[in-house]
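# Per-entry structural report
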Amino acid sequence: MNNLSLLFSSSTTETEPIKLLNGLLTLYKRPTSHQWQCRFKLSTGAWHSASTGSDQVAEATTQAIAIYETVKVKIASDLAIKSKTFRQLATQELAMAARVVQANSNKRTHVDYIHIYTKYLIPFFGAYQINDITQELVDDYAAWRISKMGKSPKTYTQRRHAGLYKRVIERARAQGLIQQHRNIPLLEVTGGAAQVRPAFSHQEIDYLLEYMRDWERFGRNQRSNHMRRLCRVYVEFLLGTGIRQGTESMPIRWKSLQWHWIGEKRYLRIWVSGKTGPRYLIARHFVIDSLERLIKWQALPYQNLDALIEAKLDRKVFVFPEGDAPHSLDGVFERLMVESNLLKDATGKNRTLYSLRHTYATFRLADGIDIHTLAKQMGASVGMIERHYSKLTPMLSAERLAG
């Protein structure tokens, strides 16, 4: 018995909280765990805690300080500290609805909530990280829902879907999972056709491309300069391909780039794995110059894009010279829009990186590219292109129509 007492006494002493970094950081153990945890207060006043993954004090101390410094960097870069998928958060909402139904089986409303989450919202949005949900993804949900239902939902049904979706977004924000300046698009309740999203005019694009030449060189520090230089190439890449920003474009690797020959003329072809399946797309010629500039900045051991394509380099394209990549370029693009006075379009809507995809579609339709070809290039359905741009095509072809 005395030995047992000594054992528990020793254990209690070893698990007392340990203050680090002049009290800013605390190591502690939960009664049910052998591993050390760490906690510290964020600038918002909220507490952040995490497991060090170790039961050894020295190792746990090193890991805790690393966690503390990493979180500080994320906050300074306007990045979310943690990340969860839509499914993980929606499952929490599902559990709440299930408890209500279990307590009162007459709560028909909550039965409907469970149905909407399990049949519609989670199957469509489930695999996406909350910060990766974009306006176009939200737009695509509306078309997907119609195909799944076999009809256009009534306004009442749209409100239900929009409200439950918003609950998940609000839960994510309450848990600190959404980047500080990130606005996650919400589901809209509409009775008619979709609105065309904010885009740029030719004059605005010319101005933007010129403005970025100097803008990329004048960040607050080296990290800011790196973000700006990568953002400039990324903007040009999106404008020249029509590819989806984020989950479709950021993972692209150099080995996915190829030359496509027609006679003696060559075109840059890119293999993309998107949410509608894999496809090839053809880049505008100016994208080649952008990528050659990126090769030089990243100090890759290749003379030009020709040599790099031949080498089939298995490395992500959109990374910093050290090889690390930002989780997102949304924040730096928003700052670019504000500083260039291009944030608002003519209707007062904020432009985002997805505005570059809509700009691409608008410009290509004006060039006379047919909707079927454009849909294949952009990895979208013909119906989706028609839904968003059919009203524009007569205006874009005004000169040919006026004859």
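To keep things clear, this report deals only with the structure shown in the data block. This is a predicted model, so every value here is computed, not measured. (Residues numbered from 1 in each chain as written. Predicted model: local features only at pLDDT ≥ 70, side-chain atom pairs only at ≥ 80, totals over all residues. Heavy atoms only, no water.)

## Things to note about the overall build of the protein chain
When helices and strands are tallied, the protein chain shows 16 helices and seven strands. Within the span of the protein chain, comprising 403 residues, buried residues form 43% of the whole. Of the roughly 21800 Å² that the protein chain leaves accessible, carbon and sulfur atoms contribute 52%. (Helix = DSSP H or I, 4+ residues; strand = E, 2+ residues; numbered from the N terminus. Buried < 20%, exposed > 50% of the residue type's maximum accessible area, 1.4 Å probe, protein only. Areas by Shrake-Rupley, 256 points an atom, 1.4 Å probe, with all protein chains shown as cover.)

## Focus: the packing of aromatic side chains
Summed over all chains, the structure comprises 14 aromatic pairs. Ring geometry for Trp271 and Tyr280: centres 4.7 Å apart, planes at 65 degrees, overall edge-to-face. What links up through ring pairs into an aromatic cluster is the set Phe86, Tyr120, Phe124, Phe125, Tyr141, Trp144 and Tyr165. Over the ring of Tyr28 we find Arg39, and its NZ or CZ is 4.4 Å from the ring centre. Residue placement shows Arg269 over the ring face of Tyr280; its charged tip is 4.1 Å from the ring centre. (Phe/Tyr/Trp six-rings, centres within 6.5 Å; stacked < 30°, edge-to-face > 60°. Lys NZ or Arg CZ within 6 Å of the ring centre and 35° of its normal.)

## What about unusual backbone geometry?
Despite not being glycine, Asn22 has its phi angle at roughly 55 degrees, a positive value. Position of Asn22 relative to the elements: it lies in the loop between strand E1 (18–20) and strand E2 (25–29). Phi is positive for Ala299, close to 55 degrees, though the residue is something other than glycine. You can see Ala299 is positioned in the loop between helix H9 (286–297) and helix H10 (305–311). For Ala299, a relative accessible area of 62% gives the class exposed.

## With respect to the sheet that holds strand E5 (residues 257–262)
Strand pairing in a sheet relies on backbone hydrogen bonds. The paired strands run either parallel or antiparallel. Strand order in the open sheet formed by three strands is E5-E6-E7, and the pairing between neighbours is antiparallel. Only two strands of the sheet have a single partner each, and these edge strands are E5 and strand E7 (277–282). Taking the axes of each pair of neighbouring strands and ignoring which way they run, one obtains an average angle of 35 degrees across the sheet. (Pairing = 2+ DSSP bridges. Axes fitted to C-alpha atoms, helices over the stretch in contact; angles between N-to-C directions.)

## Some words on the nonpolar core
Formed by 49 residues in total, the largest nonpolar core has its most connected members in Trp254, Leu268, Leu291 and Leu305. Ranked by residue count, the leading element in this core is helix H8 (residues 222–241), at nine residues. Beyond its immediate stretch of four places on either side in the chain, Leu268 contacts Leu257, Gln258, Trp259, Leu281, Ile282, Ala283, Val287, Ile288, Leu291, Leu305 and Ile309. Leu89, Tyr128, Tyr165 and Leu187 belong to the second largest nonpolar core, which has 29 residues in total. (Core = buried A, V, L, I, M, F, W, Y, C linked by side-chain atoms within 4.5 Å. Contact = heavy atoms within 4.5 Å.)

## Quick look at the packing of helix H7 (residues 202–215) against H8
Packing of H7 against H8 leaves a shortest axis separation of 10 Å and a crossing angle of 160 degrees. Taken together, the axes of H7 and H8 lie roughly antiparallel to each other. Here the hand of the crossing between H7 and H8 comes out left-handed. Across the interface between the two elements, Ile205, Leu208, Leu209, Met212, Arg213 and Trp215 from H7 touch Arg228, Cys231, Arg232, Val235, Glu236 and Leu239 from H8. (Parallel < 35°, antiparallel > 145°, perpendicular 65-115°, else oblique. Left-handed = near helix turned anticlockwise from the far one by under 90°.)

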